[in-house]
Amino acid sequence: TKTVTDVICPFCGTLCDDLEVVVSDDGKQLLEVYNACAIGAEKFLHSQAEDRITRPRMRQEDGSWKEITYDEAIEYTAKMLVDSKKPLMYGWSSTNCEAQATGSELGELVGAVMDNTATVCHGTSLIAVQDIGIPSCTLGEVKNRADRVLFWGCNPAHAHPRHMSRYSIFPRGFFTGKGHTGRKVVVIDPRPTDTARVADVHLQVEQGRDYELLSAFRIAFRGEKLPDVVAGIPKEQIYEAAETLKSGRFVIIFFGMGVTQSLGKNHNIDIAIAVTRDLNEYTKAAIMPMRGHYNVTGSGQVWGWQFGFPFAVDLSRGFARYNPGETTANDLLRRDEVDSVFVLGSDPGAHFPFSSVKKMYDLPSVAIDPHETPTTEVCKVHVPVAFVGVEIGGCAYRMDNVPIETRKVVEAPEGMMTDEEFLDRVLARVKEIKGV
Ligand code: SF4
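Predicted model, so just to flag it, every value in this text is computed and none were measured. (Residues numbered from 1 in each chain as written. Predicted model: local features only at pLDDT ≥ 70, side-chain atom pairs only at ≥ 80, totals over all residues. Heavy atoms only, no water.)

Novice: For this particular structure, what's the right way to read the domain arrangement of the protein?
Specialist: Frequently, the measure chosen for interface size is the accessible area that the parts lose on association. Assigned domains within the protein: domain 1 (2-46), domain 2 (57-120 + 294-434) and domain 3 (123-289). A straight line from the C-alpha centre of domain 1 to that of domain 2 covers 25 Å. With 20 residues of domain 1 at the interface, the matching set in domain 2 holds 17 residues. Summed over both sides, the interface between domain 1 and domain 2 buries roughly 1600 Å², with carbon and sulfur atoms accounting for 69% of that surface. Here domain 1 is connected to domain 2 by zero salt bridges. For the pair domain 1 and domain 2, the interface holds five residue pairs in polar contact (both at pLDDT 80 or more). Going through the elements one at a time, strand S1 (2-7), strand S2 (19-23) and helix H1 (38-46) are the ones with two or more residues in the side of domain 1 that touches domain 2. Top element by residues in the side of domain 1 that touches domain 2 is S1. It accounts for four residues. Along the lines of polarity and charge, the residues of the side of domain 1 that touches domain 2 split into 11 nonpolar, six polar and three charged. (Domains from an automatic or database assignment. Contact = heavy atoms within 4.5 Å. Buried area = accessible area lost by both parts, 1.4 Å probe. Salt bridge = Lys/Arg side-chain N within 4 Å of Asp/Glu carboxyl O. Polar contact = N/O pair within 3.5 Å; in protein donor to acceptor, adjacent residues only side chain to side chain. Helix = DSSP H or I, 4+ residues; strand = E, 2+ residues; numbered from the N terminus. Nonpolar A, V, L, I, M, F, W, Y, C, P; charged D, E, K, R; others polar.)

Written out as structure tokens, the structure reads:
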């Protein structure tokens, strides 16, 4: 056997870069994964599953699957996209930037609406950033400088398991030599989460009242008068937490879907950024979204520099339009505005509302995914591909917008395509059909 070191974990936005993976001498079998958390290790081990699907499949009339060749899957996908007036090309978060770039070219050529998983997680954060900007930093700065850490509406103990040990609570950094004993951790969450259990302070905000509590923090920073209770929290606790933050040398605010997808949405983030700006009058403060899929940040980056918008990009008129609420995947599906669905690198079947999933089931559809998922179960064609970050490398952006080159550690099963190869072939076929 041999051990591959400095492997990047392609699961969550923390993109841990210190994994060690033991593979067989011929590089065809992955045997052990070290340093990863349980969910990260599983991702690597899934590539070795004995019941893994390695050839494309097409749904038959009776609902059963029939194995088809990659050529047939390419033909179906190319024709579906060319024949559609307005195809939805959704996902793009669990793949590399190279595939995202090829996908963008394809989307532009067929006049698709391109949307990524930000649409149901941090799209609201992106809208807020467009509104008022964002004072942010890198996770390296957090590790080396942050002595006040606020987690708002997120639970990294479950969603980003090594985030706290690598960057935010426990590690010793250049100016944070005492590790967690030198940091004060505040958690704001309606639930008593496992992250809240390791915090110094847990403010159990009432569900959906984050905006009020964030406003109260702005008032408390100035020492002005608050009502006795705000969003279920007694004012004394708010003044105390505000003092804790102000007295730090470097404050970092991490926020998750508890604030981005609850009442208030992008306005919650507007005011969270305003809180960060206020804190900078007393100390140094930064704010960062806890991005979920390992390269959802990358798809925003790639589309940002290609189209000018990070998600919900409508290319159906031959130029890029962006109007979340109108050009977002769920809104389009529920209003019957798209006539085919192409999914790559995500699982809307598991995460979209039933009404949207039902529309996907009714339309011509292709799912490109190494796994069998609820999405592949409602699509007409399933194209299994190599695991990015395990069987093929490529660029991914960490949650702090730092690009990292993922590594190939093991061979994909013989004859399997990568996302990028599949997209390249579909693009070539679409060009042929359209004569461009
Ligand atoms: Fe992978 Fe995230 Fe776990 Fe790190 S924290 S090992 S990136 S799943």
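Novice: Would you explain the layout of surface pockets in this entry?
Specialist: To find leftover empty space, a probe the size of one water molecule is rolled over the atoms. Here the largest pocket defines a volume of roughly 1000 Å³. Along the wall of the largest pocket there are 40 residues; nearest its centre are Phe11, Ser94, Gly292, His293 and His351. Every element with two or more residues in the lining of the largest pocket is listed here: H1, helix H6 (156-159) and helix H15 (348-351). Of the residues that constitute the lining of the largest pocket, the class distribution is 21 nonpolar, 15 polar and four charged. (1 Å grid on protein atoms, 1.4 Å probe; cavity = no way out; pocket = protein on both sides within 12 Å on 5 of 7 lines; lining within 4 Å. Points joined across faces, edges and corners; volume = space filled by probe spheres on them.)

Novice: For this particular structure, what's the right way to read the sheet that holds strand S13 (residues 250-255)?
Specialist: Backbone hydrogen bonds are what pair the strands of a sheet, in a parallel or an antiparallel way. In space, the five strands of this open sheet follow the order S10-S9-S8-S13-S14, with parallel pairing throughout. The two strands at the open ends of the sheet, each matched to only one other strand, are strand S10 (201-203) and strand S14 (284-289). Pairs of neighbouring strands in the sheet enclose a mean axial angle of 15°, with direction left out of account. Where S13 lies against S14, six bridges are found, and the strand directions are parallel. (Pairing = 2+ DSSP bridges. Axes fitted to C-alpha atoms, helices over the stretch in contact; angles between N-to-C directions.)

Novice: Can you help me understand the site of the ligand in this one?
Specialist: Taken together, Cys9, Phe11, Cys12, Leu15, Cys16, Ala36, Cys37, Ile39, Gly40, His160, Pro161 and Arg162 form the complete shell of residues around the ligand. Under a 2 Å grid-point criterion requiring more than half of the atoms, the pocket assigned to the ligand is the largest cavity. Residues of the shell around the ligand, tallied by class, amount to nine nonpolar, two polar and one charged. Structurally, the shell around the ligand is a two-domain feature, drawing no fewer than three residues from each of domain 1 (2-46) and domain 3 (123-289). (Near = heavy atom within 4 Å. Sits in = over half its atoms within 2 Å of the grid points.)

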